[in-house]
Amino acid sequence: MNNKNLFKVAGLIALVTIFSKIVGFARDVVIAKVYGATYVSDAYFYAYQFPALAIILLGGLGGPFHTATVAVFTKIIPNLDKKPDEYVQRVFNTFVTLTSLFFLVLTVLFFFFSGPIVNFIASDATTELKNLASVHLKIMSPILLIGGVVGIFYGISNVYREFLYTSLSPTVQSVFIIAFLLLSQGDKLGYGLAYATLIGSIGQFVLQLPVFFKTGIIFKPIFYFQDDNIKRIGEILFPAMLGTTIGQINIYVDMFVSSRLDEGAWSAIGYANRIFQFPVGVMITALLVPLFPMFSTFVAKHDFSSLREYFKKGLVSLWFVAFPILALILMFSFDGVKLLFQRGAFDVNDTLMVSEALFYISLSIIPYVTRDTLTRVFYSFDDSKTPFLIAIFSIFVKFIMNALLVGPLGIGGITLSTTIVTTINAVLLAVFIRKKVSLSYLKLINPMSKIFFATILMSVVLGLANYIFSITMPDTFIFLAIKLLLFAILACILYILFSLKLKLHPAQHLVYKARKFIISRIH
């Protein structure tokens, strides 16, 4: 995939991912309207963290099962135009069979032991909340089985350069949830919400089947252990699974701490994280999904100069988008949360909680995209052990940071500790990757400095405009919507202009593509 095709694929994935995130936002807005930040929403979000580990983290795009599939099968499928040979099918079917059995066992355990699991994680929560979360977890436990398997199907689709359905897939779950809540206006205890989540997850898997059938692979349960590539999958997968699970322990630590705070605290953190994940998810999915197979190919060919080149292009492109987003969230977090969620059962106190959590977690956006890019480089070298060990270390840092920050900052301390842990994680990955390859970090200083300067200039102008707007316009919902829309447009124009003046390549490429598109439409 050349540079032109990379940006073309990234653009397609970005559009689909933006659509998916918008639908996800609509889902969160509807959930917030029906349940607010209450013990019912807390119970649902507590319970969903366990299925989410499977379908979003372990089995999601960029997760261990997706990563292992891409890393191994890009190397053993030499020709994507031909039907996979018997050997490839045997390796693939063994991988799916073992994964299905593993997650089936987990599903059974979580179904029958949902009570003790919830009680352990939210020990300081009320009995009413824990009992309700236990029922929600029972309902959603089959999502664990779906999660790992769907990750493999995501991976094989990307190996065959099919990105549309994998990017669109998360939308299915959101659509089912929205449809249920709009048609029923919810149920008192949120059981229907849990069932809609389960049905939507099944839909995610079903959506992958058309692309899978096109690959020519025929699934048959098989056990083919004695093979080097099965061992390679295990060498990548197990440390990556442990690393992801270890990383999720940080979430469980936050769940434990938030159960001591006010009602709705965990829901507020969840809503804040969803707002944060909207731009981050678009960036990570759009750029790293097509880049990762390229990283793996470059490493297989020992083409480290190309690896360095595309690492720089990918990371600079991510920073180019991440810096202005950070500035906008810091300036307009309260206004954004108010516009998105403050209606129905979601009141101004909920808005304050969510905006506080969002403010602190937004500080992690730069180290977040840096960490995820570096992690893909490690995986390209079939090394998931190093990220795993760093993730273990991060748990201890998370405990310490929560202990130090939650007292004085409350809910903000939880999300600020996440930012600190993410930053330390990114720094350690940047240091240890140098044992494998030099990524020429010094060449990143110039573009990063320009991006930072363009962001500062944009923020100063926006700050002045916001001050004038706030003292001249009434504080109503409609004017708030107009303000945020106008300021978003103004921010884009200012940032692009300042970036062009500073000769930033992503801005120049963006303007070139826009001009080319307009000219093609005119002629």
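Preceding block: the structure.
This text gives an overview of the structure that appears in the document. Everything numeric in this text was worked out from a predicted model, so none of it was measured.

1. Topic: the side chain of Ser380
Summarising the element assignment, Ser380 is placed in helix α15 (residues 365-380). Of note is the side chain of Ser380, whose polar atom sits 3.4 Å from the backbone nitrogen of Ser296. A polar contact of 2.9 Å, which involves the side chain of Ser380, links it to the backbone oxygen of Arg376. With near-sequence residues (within four places) excluded, Ser380 lies in contact with Lys75, Phe292, Phe295, Ser296 and Val299.

2. Description of unusual backbone geometry
Phi is positive for His302, close to 55 degrees, though the residue is something other than glycine. With a relative accessible area of 60%, His302 lands in the exposed category. Residues other than glycine seldom take positive phi values, yet Lys503 does so here, at roughly 60 degrees. With respect to the helices and strands, Lys503 occurs in the loop between α19 (477-501) and α20 (505-522).

3. Focus on the side chain of Thr197
The residue Thr197 is located in helix α10 (residues 191-215) in this model. Reaching out from Thr197, the side chain makes a polar contact with the side chain of Tyr44 at a distance of 2.8 Å. Beyond its immediate sequence surroundings of up to four residues, Thr197 is in contact with Tyr44, Tyr48, Met140, Ile143, Gln173 and Ile177.

4. Examining a nonpolar patch on the surface
On the surface, a cluster of nonpolar side chains totalling about 1000 Å² of accessible area is made up of Leu98, Leu101, Leu104, Val105, Val108, Leu109, Phe111, Phe112, Phe113, Phe223 and Phe225. By secondary structure assignment, the location of Phe111 is in helix α4 (residues 86-112). Phe111 gets classed as partly exposed once you look at its relative accessible area, which sits at 34%.

5. Comments concerning the packing of helix α13 (residues 304-341) against α19
Running from N to C, α13 and α19 cross one another at 170 degrees; their axes reach a closest spacing of 11 Å. Put simply, α13 runs roughly antiparallel to α19. In contact with Phe320, Pro324, Leu328, Phe332, Asp335, Gly336, Lys338 and Leu339 of α13, α19 contributes Phe477, Leu480, Ala481, Lys483, Leu484, Phe487, Ala491, Tyr495, Ile496 and Ser499. Grouping the amino acids of the contact of α13 with α19 by side-chain chemistry returns 13 nonpolar, two polar and three charged.

6. Topic: the nonpolar core
Counting 151 residues, the largest nonpolar core has Phe73, Ile233 and Ile365 as the members making the most contacts within it. The element contributing the most residues to this core is helix α12 (residues 265-300), with 20 residues. Among all residues touching Ile233, those that are not within four sequence positions of it are Ala68, Val72, Phe73, Val91 and Phe95. Counting residues in each nonpolar core, the second largest holds six residues, with Tyr360, Met401, Leu405 and Leu416 among its members.

7. With respect to the packing of aromatic side chains
If you walk through the whole model with that rule in mind, you get 26 aromatic pairs. Where Phe111 meets Phe112, the ring centres are 5.1 Å apart and the plane angle is 85 degrees; that geometry is what we call edge-to-face. The exposed category is assigned to Phe112, whose relative accessible area is 57%. Geometrically, the ring pair formed by Phe298 and Tyr310 is tilted, given 5.5 Å between the ring centres and 35 degrees between the ring planes.

8. Some points on helix α16 (residues 385-409)
The first and last C-alpha atoms of α16 sit 34 Å apart over 25 residues, in line with the 36 Å expected at 1.5 Å per residue. At Asn402, α16 shows its maximal kink, close to 30 degrees. One or two steps after α16, the chain reaches Gly410, where phi turns positive at roughly 65 degrees.

What counts, and at which threshold
Residues numbered from 1 in each chain as written. Predicted model: local features only at pLDDT ≥ 70, side-chain atom pairs only at ≥ 80, totals over all residues. Heavy atoms only, no water. Helix = DSSP H or I, 4+ residues; strand = E, 2+ residues; numbered from the N terminus. Polar contact = N/O pair within 3.5 Å; in protein donor to acceptor, adjacent residues only side chain to side chain. Contact = heavy atoms within 4.5 Å. Buried < 20%, exposed > 50% of the residue type's maximum accessible area, 1.4 Å probe, protein only. Patch = residues over 30% accessible without salt bridge, like charges linked within 9 Å, V, L, I, M, F, W, Y side chains within 5 Å. Areas by Shrake-Rupley, 256 points an atom, 1.4 Å probe, with all protein chains shown as cover. Salt bridge = Lys/Arg side-chain N within 4 Å of Asp/Glu carboxyl O. Axes fitted to C-alpha atoms, helices over the stretch in contact; angles between N-to-C directions. Parallel < 35°, antiparallel > 145°, perpendicular 65-115°, else oblique. Nonpolar A, V, L, I, M, F, W, Y, C, P; charged D, E, K, R; others polar. Core = buried A, V, L, I, M, F, W, Y, C linked by side-chain atoms within 4.5 Å. Phe/Tyr/Trp six-rings, centres within 6.5 Å; stacked < 30°, edge-to-face > 60°. Expected span 1.5 Å × (residues − 1). Bend = angle between axes of the 7 residues up to and from the residue.

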